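Fold and geometry: a report
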Amino acid sequence: MLNYLSGLIRDQRGMSFFIVCVGMTALFGMTALVTDFGRIALARQRLVNAADSAAMAGARDLCFISDPLTRELAARQRAIDVAKANGAPEEGITVNIENSKVSVDAQQDVNLIMSRVFGITHRNVSAHAAATVEGIRSYQGIAPLSIKEQPLEFGQMVTLKYGAPDSPGNFGALALTGRGSRNYRYNLIYGFEEPVYLNDTVDTEPGNMNGPTDGIDERLSRCSDGCTYDNFRPGCPKIIVIPMHRDDLQGRDYITVTGFAAFFVDREATLSQSDEIKGYFVRMAAEGSPDPDNPIISLYGARLVE
Ligand SMILES: [Zn+2]
């Protein structure tokens, strides 16, 4: 009987030790999983963000330069720089550019700490993103001018406001927020505060608007970065965006917006004629519902597609 009892106690001690061992292992295993899963999840999220930002930045740069080879190199470099700045290791970054799509793959080996107990030392995580360049549907901040749709080359100088009528009674001015020279001058300086959409109709502002056209000088004076048409700061006041149309205008009329074009205004080109505004055609990224159905004339937006 005593022998039986002592045997039972011994068995129970053995069992307790066994349970403690199993419990410790499970606890340790769970800690390992939680700690290392956390590291993996964090690394993956960082890579996803890096790939997304890199693809968007690369796509935005894709339209800016007119030469295709230089453009692709610049977009690729931008994507790599942005991915690195967002924490992706350089050796794991792959950038592919096809037509107007920039794809970025990022991968990274994550060193594991606790899982080494089980012989697992690292885990590879990866992320993929792709962004395309598309025309925009709307623009907020247009200048009260418009031109007829025409093929435009980067850097081409275009007359945006005429000193003599372009069509009967029209010098290129638009009436936004109502008619009158005060509205025209204000919108020339600051841009129209409401978004204008493709296919919107906008009233023209007939007449030369000789005096209020000097609003453009107030606008240009706000650039303090020495911007030029091929090297300007985003949002530079020397850049104006205007709607394009296909209408034959007759006096007091309206246009139907068929696209948006951006110009770097050069006031020196019109020194002898203060009621004229000329600008160099430029391309730039802009906000405004990018969509593959919208024409890319001058303004484009980047959109994540993968
Ligand atoms: Zn500027």
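Nothing here was measured: the structure is a model prediction, and the numbers come from that model. (Residues numbered from 1 in each chain as written. Predicted model: local features only at pLDDT ≥ 70, side-chain atom pairs only at ≥ 80, totals over all residues.)

Quick look at the overall build of the protein chain now. Helix and strand counts for the protein chain stand at four helices and 14 strands. Whereas a compact globule of 306 residues would reach a radius of gyration of roughly 19 Å, the protein chain reaches 31 Å, over 25% beyond that. When its C-alpha atoms are laid out on the principal axes, the protein chain stretches across 120 × 40 × 35 Å. Expressed as a percentage of the 306 residues in the protein chain, the buried residues total 37%. Restricting the contact set of the protein chain to residue pairs at least 6 apart, pairs at least 24 apart contribute 69%. (Helix = DSSP H or I, 4+ residues; strand = E, 2+ residues; numbered from the N terminus. Rg over C-alpha atoms; globule rule 2.2 N^0.38 Å. Buried ≥ 20, exposed ≤ 12 C-beta atoms within 10 Å, placed from the backbone. Contact = placed C-beta atoms within 7 Å.)

Further remarks concern the pairing of strand β3 (residues 122-135). For a regular strand, side chains alternate in direction, first toward one face of the sheet and then toward the other. As paired strands, strand β2 (residues 101-111) and β3 are joined by 11 bridges and run antiparallel to one another. What sits directly across from Gln-107, in β3, is Ser-126. Pairing between β3 and strand β14 (residues 299-304): five bridges, direction antiparallel. Bridging across to β14, Gly-135 finds its partner in Tyr-300. (Pairing = 2+ DSSP bridges.)

This brings us to the sheet that holds β3. Strands sit in the order β1-β2-β3-β14-β13 across an open sheet of five strands; the sheet is mixed. Because the sheet does not close on itself, it has two edges, and the strands there are β1 (93-98) and β13 (284-285). Where β1 meets β2, six bridges bridge the pair, whose relative direction is antiparallel. Note on β2: the bridge partner recorded for Glu-98 is Lys-101. Of the strands in this sheet, β1 and β2 touch helix α2 (residues 68-85), which is tilted by about 150° from β1. (Axes fitted to C-alpha atoms, helices over the stretch in contact; angles between N-to-C directions.)

We now examine the nonpolar core. Counting 68 residues, the largest nonpolar core has Ala-51, Ala-55, Ala-79, Ala-83, Val-102, Val-104 and Phe-263 as its most contacted members. Sort the elements by how many residues they give to this core and helix α1 (residues 2-61) lands first, with nine residues. Residues from two domains meet in this core; each of domain 1 (2-134) and domain 2 (138-287) gives at least three. What Val-104 contacts, discounting residues up to four positions off in sequence, is Ala-51, Ala-54, Ala-55, Gly-58, Ala-79, Ala-83, Ile-93, Val-95 and Ala-129. (Core = buried A, V, L, I, M, F, W, Y, C linked by C-beta atoms within 7 Å. Domains from an automatic or database assignment.)

A few words now on the domain arrangement of the protein chain. Taken domain by domain, the protein chain holds domain 1 (2-134) and domain 2 (138-287). Look at where the C-alpha atoms of domain 1 and domain 2 centre, and you get two points 49 Å apart.

The element strand β11 (residues 259-265) is extensively covered by neighbouring structure, given that seven of its seven residues are classed as buried. Where burial is concerned, the two faces of β11 agree: the one with Gly-259, Ala-261, Phe-263 and Val-265 and the one with Phe-260, Ala-262 and Phe-264 are both buried. Strand direction decides the pairing type here: strand β9 (residues 239-245) and β11, joined by six bridges, are antiparallel. Within β11, the position partnered with Pro-243 by the bridge is Phe-260. With four bridges connecting them, β11 and strand β12 (residues 277-282) associate as antiparallel partners. Pairing of Val-265 across the sheet is with Gly-279, part of β12.

Moving on: α2. Relative to the 26 Å expected for 18 residues at 1.5 Å per residue, α2 spans 26 Å between its end C-alpha atoms, a close match to the ideal helical length. All of the buried residues in α2 are Ala-75, Arg-78, Ala-79, Val-82 and Ala-83. All buried residues of α2 fall inside an arc of 125° around its axis, so they share one side. Away from its buried face by more than 90 degrees, α2 exposes Leu-69, Thr-70 and Ala-85. Count one or two residues on from α2 and you reach Gly-87, which has phi positive near 100°. (Expected span 1.5 Å × (residues − 1). Arc of directions from axis to C-beta.)

Structurally, Gly-87 can be placed in the loop between α2 and β1. Here Gly-87 falls in the partly exposed class, since 14 other C-beta atoms lie within 10 Å of it. For Gly-87 and Ser-167, which are 80 residues apart along the polypeptide, the C-alpha to C-alpha distance reads 56 Å. Apart from residues lying up to four places away in sequence, Gly-87 is in contact with Arg-46 and Ala-50.

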